[in-house]
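# Structure assessment
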Amino acid sequence: MKKTFKRVLCAVTAVCLILTLAGCAKINYVTNGTIAAIKAVQDGSYLETDTGADEGNATASTIEPFVANTYGGVEFATEEDVINYYIECLNNTKSQTSSYTENGSPATYYKMVCEEALTVENLLIEGKKNSMIDDLVPTLLDEMFHGGVNGLPPSTNRNPDLDHTEDGTVDFKTSPLQVDDIAACNVADNGDGTITLTLQPKATILSMPGKDSQGRFFNTLGDITSTVESISVLSFSGGTIDENFVVNYDGGTGVIKIDTATKEIVEADYTLIVHIDVQHANILVIKDKSASLDVIFKIHAPASDEYLLETKGLVRA
């Protein structure tokens, strides 16, 4: 069965946690723990709940403040104007499809599709870096994570008819973003008939696709705690998983270039940042350890012809 983005990213994250927490053990413990974790994650259930994540109330802006002005012939008097313009242009862009061949067969997908890249950074064990783990993780990611081809985020598929949450309650053919989801935004005039919008969604603890500020802007993990609970080699010395396993979405941005004449998105870069903090964790013979890591998920549009062909056997008609 084809793995969804959520399953692959959850598996990668879970195995990185195993590596991080087991980093102070002998190498055979790391290897055996990783294999066990991979199997447990692959065999586990990936159930989504209907409740959204609790949203952070104090997101710190990482971008330049908005300045009211006319940019590229478009007047923006308020941040709300910027957000609504982005939603309008995203909807317009995602309404357009193109013909492709996929492994030689004809197909119709979004005109604007994206390429994906994943990195794991700042792995710390008990607040300290571990060179062995830092060397292992890139190889692990190369083996486990292979970028997909989807529409502009949030998106689960390159086929508009299949672009929705797993439970079918949120359709991503149009943007579910709400004005109140954005913590900060700004606009720049490129002087060539295009403008660039930068938007930063509000932080959340956990994120459900399509159902909170991060999930209505990015492709987010969903209920990763259920994945962690399914890892047989991982337990906690005390407290609940919610107390000891914190998944914080904060600081990510989208940088979107728009042709103001057509209201089409012509280029975009989305950077999702997820900070995972684990306390009182037990891995095999290792007891009561803390670890943390950052998952950086980048989406770039448009995807290159080389990426499409290599990743999914896709050729633009």
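Up top is the structure.
Basis of the calculations
- Residues numbered from 1 in each chain as written.
- Predicted model: local features only at pLDDT ≥ 70, side-chain atom pairs only at ≥ 80, totals over all residues.
- Heavy atoms only, no water.
- Core = buried A, V, L, I, M, F, W, Y, C linked by side-chain atoms within 4.5 Å.
- Buried < 20%, exposed > 50% of the residue type's maximum accessible area, 1.4 Å probe, protein only.
- Helix = DSSP H or I, 4+ residues; strand = E, 2+ residues; numbered from the N terminus.
- Contact = heavy atoms within 4.5 Å.
- Pairing = 2+ DSSP bridges.
- Axes fitted to C-alpha atoms, helices over the stretch in contact; angles between N-to-C directions.
- Phe/Tyr/Trp six-rings, centres within 6.5 Å; stacked < 30°, edge-to-face > 60°.
- Salt bridge = Lys/Arg side-chain N within 4 Å of Asp/Glu carboxyl O.

Residues F76, Y86, L152, L197, L199, I265 and Y270 are the most contacted members of the largest nonpolar core, which totals 57 residues. If you tally residues by element for this core, the top one is strand β13 (residues 264-283), at 9 residues. Among residues more than four places away in sequence, those in contact with I265 are Y86, C89, L90, T93, M112, L152, I256, K257 and I258. In this structure, A107, Y109, V149 and A303 belong to the second largest nonpolar core, which totals 10 residues.

Okay, the sheet that holds strand β4 (residues 97-102) next. Pairing is antiparallel in the open sheet, where 3 strands are placed in the order β5-β4-β15. In this open sheet, the two edge strands, each paired with only one partner strand, are β5 (105-110) and β15 (314-316). With strand direction ignored, the average angle separating the axes of adjacent strands in the sheet is 40°. Bridging between β4 and β5 involves 6 bridges; their strand directions are antiparallel. By the bridge assignment for β5, T101 is matched with P106. Helix α7 (residues 305-312) rests against β4 and β15 of the sheet, and its axis sits at about 150° to β15.

The next thing to look at is the packing of aromatic side chains. For the structure shown, the criterion picks out 6 aromatic pairs. With a centroid separation of 5.8 Å and 45° between ring planes, the pair formed by Y86 and F217 is classed as tilted. Of the two residues, Y86 sits in helix α3 (residues 79-94) while F217 sits in the loop between β9 (204-205) and α5 (224-229), which places them 131 residues apart along the sequence. By relative accessible area, Y86 is classed as buried at 1%. The exposure class assigned to F217 is buried, which follows from its relative accessible area of 1%. Pairing F217 with F218 gives two aromatic rings, centres 4.9 Å apart and planes at 85°, and the pair type is edge-to-face. Exposure class is identical for F217 and F218. Each is buried. Each member of the aromatic cluster is reached from another via a ring pair, and the members are Y86, F217, F218 and Y270.

When the charged atoms of two side chains lie near each other, side chains of opposite charge can form a pair. Counting across every chain of the model gives 10 salt bridges. K94 is paired through a salt bridge with D163; the nearest N and O atoms lie 3.2 Å apart. In this pair, K94 sits in helix α3 while D163 sits in the loop between α4 (131-144) and β7 (182-189), placing the two residues 69 residues apart along the sequence. We classify K94 as buried; its relative accessible area is 5%. On the basis of relative accessible area, D163 is assigned to the buried category, the value being 0%. Among the salt bridges present, the one from R316 reaches D305, with a minimum N-O distance of 2.5 Å. On the criterion of sequence distance, the pair formed by R316 in strand β15 and D305 in helix α7 is long-range, its members being 11 residues apart.

Here the focus is unusual backbone geometry. Between P153 and P154 the backbone carries a cis peptide bond, its omega angle lying at -5°. Along the chain, P154 falls in the loop between α4 and β7. The omega torsion of the bond from A301 to P302 falls at 0°, within 30 degrees of zero and hence cis. Note on placement: P302 falls in the loop between β14 (286-301) and α7. At K263, a residue that is not glycine, the phi angle is positive and equals roughly 55°. Looking at K263, the relative accessible area reads 31%, which means it is partly exposed. Its identity as a non-glycine residue notwithstanding, D288 has a phi of 55°, on the positive side. Residue position: D288 is located in strand β14. For D288, a relative accessible area of 40% translates into the label partly exposed.

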